[in-house]
Amino acid sequence: MTTLETLSTHLTGLGRVVLGYSGGVDSALLAVVGARALGVDRFLAVTGRSSSYPEVQYRNALDLARRFEVPLLEVDTHELEDPRYLSNSTDRCYYCKSELWLRLGAVARERGFDTIIDGTNADDLGEHRPGLRAAAEHRIRSPLAELGWTKRDVRQAARELDLPTWDAPAAPCLSSRVLYGLEITSERLRQVEEGEGFLRSLGVTGDLRVRHHGGKARLEVTPDQMEMLEANWQAISVAFSSFGFAEVEIDPNGYRRGGLLALAPHSTG
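Note that the structure is predicted; figures quoted are calculated from it, not measured.

This part covers helix 2 (residues 25-38). With 14 residues, helix 2 should reach 20 Å at 1.5 Å per residue; the first-to-last C-alpha distance of 19 Å fits that figure. The element helix 2 is extensively covered by neighbouring structure, given that 12 of its 14 residues are classed as buried. Those residues of helix 2 lying buried are Val 25, Asp 26, Ser 27, Ala 28, Leu 29, Leu 30, Ala 31, Val 32, Val 33, Gly 34, Ala 35 and Leu 38. Just downstream of helix 2 lies Gly 39, where phi reads positive at about 85°.

Here it is in structure tokens:
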């Protein structure tokens, strides 16, 4: 069997399936393979909507679902009403995912689905991901991780299916850009989203983060994009001031996953 056939077979063994669908490459692959393997009566992709979900990713998720005929449902999530989430500890993702799986669990029960799945892959298992604890508590299955698929495997399979997201950079929720211990607010999420959108409009490609340090924005890009920032620094300074930042600077270390974790006041979970 090919790897895609293996994934299809694995999914068909899960009964009627609900997918937590963000539109990133992992969940996009599951959405397309799941819809084809299970059909519209046995598969449903569900997107959780809140201020922490980047608008550009939401639009891309909708476009992909339409293009590949993935049955899709949108639900509102309310993590920004949870003071534990807003306090922005290193366990923030646990409260976000708990809210998401609570909402999807209700959908599954109401519509008679058997299994809820997510896009966790094998590489994710070794990282700081408090959301995995929430998934375990809600009995969420992770087909990609269960099959041992790495991010590289996922991208290769997505490319075989001609998914537009096959080489897209990772795009976690906007709250992941806010310095741990600094309260999550809709205004701060807006600042981050506008900042990253502006940098993309200048032509910045690849992995990109606008880290929110209160009054200061710290820009993380890959090494090959540093020159782009420097060449456009005057425009960047003016734009970020208009977004509400008192300062903006380039992180000389460049983009790195979990860049804020080392600065956290304490580490839990």
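Picking up where we left off.
What follows deals with helix 3 (residues 55-67). Look at helix 3: 18 Å from first C-alpha to last across 13 residues, which is about the 18 Å you get at 1.5 Å a residue. All of the buried residues in helix 3 are Gln 57, Tyr 58, Ala 61, Leu 62, Leu 64 and Ala 65. Buried positions in helix 3, seen along its axis, are confined to an arc of 165° and lie on one side of it. In helix 3, the exposed positions angled more than 90 degrees off the buried face are occupied by Val 56 and Arg 66. Contact partners of the buried residues in helix 3: helix 2, strand 2 (43-49) and strand 3 (72-76). Glu 69, located one to two residues past helix 3, shows a positive phi value of around 55°.

Before going further, it helps to examine the sheet that holds strand 6 (residues 216-221). Reading across from one edge, 5-6-7 is the order of the three strands in this open sheet, with mixed pairing throughout. On the outer flanks of this sheet lie strand 5 (208-213) and strand 7 (247-250), each paired with one strand and no other. Strand-to-strand, the axes of this sheet are offset by a mean angle of 20°, without reference to chain direction. Taken together, the six bridges between strand 5 and strand 6 define a ladder with antiparallel strand orientation. Bridging across to strand 6, Arg 209 finds its partner in Glu 220. In the packing of helix 9 (residues 186-201) onto the sheet, contacts are made with strand 5 and strand 6, and the angle to strand 5 comes to roughly 145°.

On to the environment of Trp 166, then. Tracing the backbone through its elements, the reader meets Trp 166 in the loop between helix 8 (151-160) and helix 9. Along the sequence, Trp 166 and Arg 109 sit 57 residues apart, while their C-alpha atoms lie 32 Å from each other. Ignoring any residue separated from it by four or fewer positions in sequence, one finds Trp 166 in contact with Val 25, Arg 155, Ala 158 and Arg 159.

Here we take up the environment of Pro 169. Locating Pro 169 in the fold gives a position in the loop between helix 8 and helix 9. Along the chain, Pro 169 and Thr 205 lie 36 residues apart, while their C-alpha atoms are 8.8 Å from each other. Once residues within four sequence positions are removed from consideration, Pro 169 is found in contact with Arg 155, Arg 200, Gly 206 and Asp 207.

Counted by the stated rule, this structure contains five aromatic pairs. Geometrically, the ring pair formed by Tyr 94 and Tyr 95 is edge-to-face, given 5.3 Å between the ring centres and 75° between the ring planes. Residues Phe 198 and Phe 243 carry aromatic rings whose centres are separated by 6.2 Å and whose planes lie at 70° to one another, so their mutual orientation is edge-to-face. Remark: Phe 243 occurs in the loop between helix 11 (233-242) and strand 7 and Phe 198 occurs in helix 9; sequence separation between them is 45 residues. Judged on exposure class, the residue Phe 198 and its partner Phe 243 are both buried. By way of ring pairs, the aromatic residues Phe 198, Phe 240, Phe 243 and Phe 245 are connected into one cluster. Sitting over the ring of Phe 113, Arg 16 keeps its end group 4.1 Å from the ring centre. A cation over a ring is seen here: Arg 133 above Tyr 94, with NZ or CZ 4.0 Å from the ring centre.

Here the focus is the pattern of salt bridges. Using the criterion set out here, one finds 19 salt bridges in the structure. The salt bridge partner of Arg 103 is Glu 99, with a shortest N-O separation of 2.6 Å. Of the two residues, Arg 103 and Glu 99 are both situated in helix 5 (residues 92-111); the distance of four residues between them amounts to about one turn of the helix. Arg 103 sits in the partly exposed class, given a relative accessible area of 31%. With relative accessibility at 11%, the residue Glu 99 sits in the buried group. Of the charged contacts in the structure, one is a salt bridge between Arg 177 and Glu 196, with a shortest N-O distance of 2.9 Å. Residue Arg 177 is located in the loop between helix 8 and helix 9, and its partner Glu 196 is located in helix 9; the two are separated by 19 residues in the primary sequence. When salt bridges that share partners are traced, they join Arg 211, Lys 216, Arg 218, Glu 220, Glu 249, Asp 251 and Arg 256 into one network.

Quick notes on the rules
- Residues numbered from 1 in each chain as written.
- Predicted model: local features only at pLDDT ≥ 70, side-chain atom pairs only at ≥ 80, totals over all residues.
- Heavy atoms only, no water.
- Helix = DSSP H or I, 4+ residues; strand = E, 2+ residues; numbered from the N terminus.
- Expected span 1.5 Å × (residues − 1).
- Buried < 20%, exposed > 50% of the residue type's maximum accessible area, 1.4 Å probe, protein only.
- Arc of directions from axis to C-beta.
- Contact = heavy atoms within 4.5 Å.
- Pairing = 2+ DSSP bridges.
- Axes fitted to C-alpha atoms, helices over the stretch in contact; angles between N-to-C directions.
- Phe/Tyr/Trp six-rings, centres within 6.5 Å; stacked < 30°, edge-to-face > 60°.
- Lys NZ or Arg CZ within 6 Å of the ring centre and 35° of its normal.
- Salt bridge = Lys/Arg side-chain N within 4 Å of Asp/Glu carboxyl O.

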